[in-house]
Amino acid sequence: MQSSIQLPGSNILFNISLTSSSVLQIVKESQQQHGLRHGDFQRYRGYCSRRLRRLRKTLNFKMGNRHKFTGKKVTEELLSDNRYLLLILMDAERAWSYAMQLKQEANTEPRKRFHLLSRLRKAVKHAEELERLCESNRVDAKTKLEAQAYTAYLTGMLRFERQEWKAAMEAFNKCKTIYEKLASAFTDEQAILYNQRVEEISPNIRYCAYNIGDQSAISELMQMRLRSGGTEGLLAEKLESLITQTRAKQAATMSEVEWRGRTVPVKIDKVRIFLLGMADTEAAIAQAEEEETKERLFESLLSECRDAIQAVREELKPDQKQREHSSEVDSGKVTNIQYLHSYLTYIKLSTAIKRNESMAKALQKALLQQQQPEEDGKRTARPQDLIRLYDIILQNLAELPQLPGLEEDKGYLKEIGIKTLVYKAYRCFFIAQSYVLVKKWSEALVLYDRVLKYANEVQAQAGTYKNSLKELPDVQELITQVNAEKYSLQAAAILDAGDNHEIESPSQVKDGKPLSERFETFCLDPSLVSKQASLVHFPPEFQPIPCKPLFFDLALNHVTLPPLEDKVEQKAKSGLTGYIKGIFGFRS
């Protein structure tokens, strides 16, 4: 039975049988399924413990019972079953994964660093035992080399954590040499994992060389960090602090910066460090091939720029208060600290424009590849996404002329105006593309004409500014593309009009009546199977109905009332005597 052995944290596999088999990729996928893909060392440690328990139960190699511990060692006589080597390797893996878990927790709890070193020593002990057993004649040469590389790797990690740089460098170099030899001895598919391991070890070797005294190693470390968008693993925190310290030393010699013909002193350390590291980051962005790496580097540069701007703003507050209380007449010239703030803001806005332009180019490539079959669950690119990006770019360009100290720089304002025309042309182009998708031919044609108008203005005004506008998208290429799109649009509009004319027939013409009013007339109405089918008039129209009659009392006008003249005369003759009789009750 052929079995595979997994190397802790190294994606390396032991093949115990004398026959070689390609199992490295299988082991790597297994590791990704048990936590290492997301850096979850605790989950991986639990997997190793469960695997050990299953192996011991299967091999009946238990360490005593629940009441008493009885230690057992794997000897060369037991190597007839290669699962005994897997027991030792899982012990080493478990110790290594526990050490990496403690390394993550040691950032907040420094006392755990002692436990971390203890677990690494335990992992090295298991690795040395594994290497000793692999010296047996029952193990092939490939497995022996991998065992030596594995032991050297764990030894280097232990020495690295103990800051024994020379010993760590020797161990890592030994590990790197073995993996390079293994990569050259096998096929390209099998060599991929070995080469990945070599790339992972290289930053550790550079860091050890720097601590030994090789000053040239720091530049290589910085380039490796920038290309990867940030180092992960063993070097993460140490490399960040090292780069910060190196830039701080270089920043001590930087005293001023020149921009737009004006020299400004730089006294803030954070701004000096940012300006020194900006060139390295921009070089890494230019060399990066993957869009994710570029985006990560852009975000890192923008974050550092925001921190530098915040530091300048804190220095600006007392300066503004002093200017408010000063009795001197303001001559209109901005101070050095204000001009430095304008320079950093210009860098931030320009970097944001470059980032959005890079994203726009990636979306344009995706639009050109829309003829390929769409992947399940993956959202395809649309012209509307590009319109949004160019809107943001134009917003950033609108902020650039408002920077203090540049209001009278005509060359600067002219340059910004030309850039605005370029991005307006591209924005109009993709708006026209979105109209083409919904078959609005006239609107798209008008927008294409506007694109040509903007492009011609750029070509007319960009005579003396060609050197500063080299990074902008090519306007001539846009003009060629627009002319081609106009011909395609006109052809599509003619074909669409012809199709509509052919489809339209007397049996398909509707008079606007709902279905309930044209039962006797046959008519093809596609809207009947849609969500907006016209079946009846709703709400229904009002119809006249008879009202309820109103009743009036008209009989009173025809009633003859009895005469009352005698009553009125008698009452008038009674006088005072009748009144007195009425009081005392003698009235008849």
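Just above sits the structure.
Since this is a predicted model, take the numbers as computed values, not measurements. (Residues numbered from 1 in each chain as written. Predicted model: local features only at pLDDT ≥ 70, side-chain atom pairs only at ≥ 80, totals over all residues. Heavy atoms only, no water.)

## Some remarks on unusual backbone geometry
- Here the bond from Phe538 into Pro539 is cis, since omega is 0 degrees, no more than 30 degrees from zero.
- With respect to the helices and strands, the residue Pro539 is situated in the loop between α16 (475-503) and α17 (565-584).
- Here Asn60, not a glycine, exhibits a phi torsion of approximately 55 degrees, which is positive.
- The phi torsion at Gln163 lies on the positive side, around 60 degrees, for a residue other than glycine.
- Examined against the element boundaries, Gln163 turns out to sit in the loop between α5 (141-161) and α6 (165-185). (Helix = DSSP H or I, 4+ residues; strand = E, 2+ residues; numbered from the N terminus.)

## Regarding helix α14 (residues 410-437)
- With 28 residues, α14 extends 41 Å from end C-alpha to end C-alpha; this agrees with the ideal 40 Å at 1.5 Å per step.
- Positioned one or two residues after α14, Lys439 has a phi angle of 65 degrees, which is positive. (Expected span 1.5 Å × (residues − 1).)

## Focus on the layout of surface pockets
- The computed volume of the second largest pocket comes to approximately 870 Å³.
- Phe298, Ser350, Lys354, Glu357 and Glu471 are the residues nearest the centre of the second largest pocket, which is lined by 31 residues in total.
- Those elements giving two or more residues to the lining of the second largest pocket turn out to be α10 (269-287), α11 (291-325), α12 (336-368) and α14.
- The greatest single-element share of the lining of the second largest pocket, amounting to 11 residues, is contributed by α12.
- For the lining of the second largest pocket, the residue count by class is 15 nonpolar, 5 polar and 11 charged. (1 Å grid on protein atoms, 1.4 Å probe; cavity = no way out; pocket = protein on both sides within 12 Å on 5 of 7 lines; lining within 4 Å. Points joined across faces, edges and corners; volume = space filled by probe spheres on them. Nonpolar A, V, L, I, M, F, W, Y, C, P; charged D, E, K, R; others polar.)

## Considerations on the packing of α6 against helix α7 (residues 188-212)
- Two elements in contact, α6 and α7, have axes separated by 9 Å at closest approach and are oriented at 160 degrees. The orientation of α6 relative to α7 falls into the category roughly antiparallel. You can see that α6 and α7 cross each other, and the crossing is left-handed.
- Taken together, the residues that form the contact of α6 with α7 break down as 17 nonpolar, 5 polar and 4 charged. (Axes fitted to C-alpha atoms, helices over the stretch in contact; angles between N-to-C directions. Parallel < 35°, antiparallel > 145°, perpendicular 65-115°, else oblique. Left-handed = near helix turned anticlockwise from the far one by under 90°.)

## A closer look at a positive patch on the surface
- Taken together, the side chains of Arg43, Arg50, Arg53 and Arg54 present a region of like positive charge at the surface.
- Among the residues examined, Arg53 registers a relative accessible area of 55% and is labelled exposed. (Patch = residues over 30% accessible without salt bridge, like charges linked within 9 Å, V, L, I, M, F, W, Y side chains within 5 Å. Areas by Shrake-Rupley, 256 points an atom, 1.4 Å probe, with all protein chains shown as cover. Salt bridge = Lys/Arg side-chain N within 4 Å of Asp/Glu carboxyl O. Lys, Arg positive; Asp, Glu negative; His and termini not counted. Charge placed at Lys NZ, Arg CZ, Asp CG, Glu CD. Buried < 20%, exposed > 50% of the residue type's maximum accessible area, 1.4 Å probe, protein only.)

## Here's the deal with the pattern of salt bridges
- What the rule picks out here adds up to 17 salt bridges.
- Across the pair Glu415 and Lys419 runs a salt bridge, and its minimum N-O distance is 3.5 Å. Of this pair, Glu415 and Lys419 both sit in helix α14, 4 residues apart, which is roughly one turn of the helix.
- Three or more residues are tied together by salt bridges with common partners; here these are Arg260, Asp409, Glu415 and Lys419.

## Brief notes about the pairing of strand β4 (residues 262-265)
- Residue alternation in β4 divides its side chains into a buried set, Arg262 and Val264, and an unburied set, Thr263 and Pro265.
- As paired strands, strand β3 (residues 256-259) and β4 are joined by 4 bridges and run antiparallel to one another. For Val257, the partnering residue across the bridge sits in β4 and is Val264. (Pairing = 2+ DSSP bridges.)

## Things to note about the environment of Lys176
- Of note, Lys176 is situated in helix α6.
- Setting aside anything within four residues of it in sequence, one finds Lys176 in contact with Val198, Ile201, Ser202 and Ile205. (Contact = heavy atoms within 4.5 Å.)

## Considering the pairing of β3
- Residues Val257 and Trp259 line the buried face of β3, whereas the alternating positions Glu256 and Glu258 sit on a face that is not buried.
- Here β3 hands over to β4 after 2 residues, with Arg260 in that stretch at a positive phi of 55 degrees.

## Quick look at a negative patch on the surface
- Together, Glu289, Glu290, Glu291, Glu292 and Glu295 make up a region of like negative charge exposed at the surface.
- Secondary-structure assignment places Glu290 in the loop between α10 and α11.
- Here Glu290 falls in the exposed class, since its relative accessible area comes to 54%.

## Let's talk about the packing of aromatic side chains
- The tally for this structure, following the rule as stated, stands at 18 aromatic pairs.
- Their ring planes at 15 degrees and their centres at 5.8 Å tell us that Tyr390 and Phe430 sit as a pair that is stacked. Of this pair, Tyr390 sits in helix α13 (residues 383-399) while Phe430 sits in helix α14, and the two are 40 residues apart along the sequence. Pair check on accessibility: Tyr390 and Phe430 agree, each one buried.
- Linked through ring pairs, Tyr390, Tyr423, Tyr426, Phe429, Phe430 and Tyr448 together constitute an aromatic cluster.
- Positioned above the aromatic ring of Phe61 is the side chain of Lys72, whose terminal nitrogen or guanidinium carbon lies 5.6 Å from the ring centre. (Phe/Tyr/Trp six-rings, centres within 6.5 Å; stacked < 30°, edge-to-face > 60°. Lys NZ or Arg CZ within 6 Å of the ring centre and 35° of its normal.)

## Brief notes about the packing of α13 against α14
- Taken N-terminus to C-terminus, the directions of α13 and α14 make an angle of 160 degrees; their axes are 9 Å apart at the nearest point. The orientation of α13 relative to α14 falls into the category roughly antiparallel. Our pair here, α13 against α14, has a crossing hand that is left-handed. When α13 is examined against α14, the residues Pro383, Gln384, Leu386, Ile387, Tyr390, Asp391, Ile393, Leu394 and Leu397 are found in contact with a partner set consisting of Ile416, Lys419, Thr420, Tyr423, Lys424, Tyr426, Arg427, Phe430, Ile431, Gln433, Ser434 and Leu437.
- For the contact of α13 with α14, the per-class residue count stands at 13 nonpolar, 4 polar and 4 charged.

## Some points on the nonpolar core
- Judged by nonpolar contacts, the single largest core of 68 residues is most densely connected at Val271, Phe274, Leu275, Leu340, Leu344 and Leu400.
- Secondary-structure elements contributing two or more residues to this core are β3, α10, α11, α12, α13, α14, α15 (441-461) and α16.
- With 13 residues, the top contributor of residues to this core is α14.
- Core analysis: the second largest hydrophobic core is formed by 58 residues, Leu86, Leu116, Leu130 and Ala183 among them. (Core = buried A, V, L, I, M, F, W, Y, C linked by side-chain atoms within 4.5 Å.)

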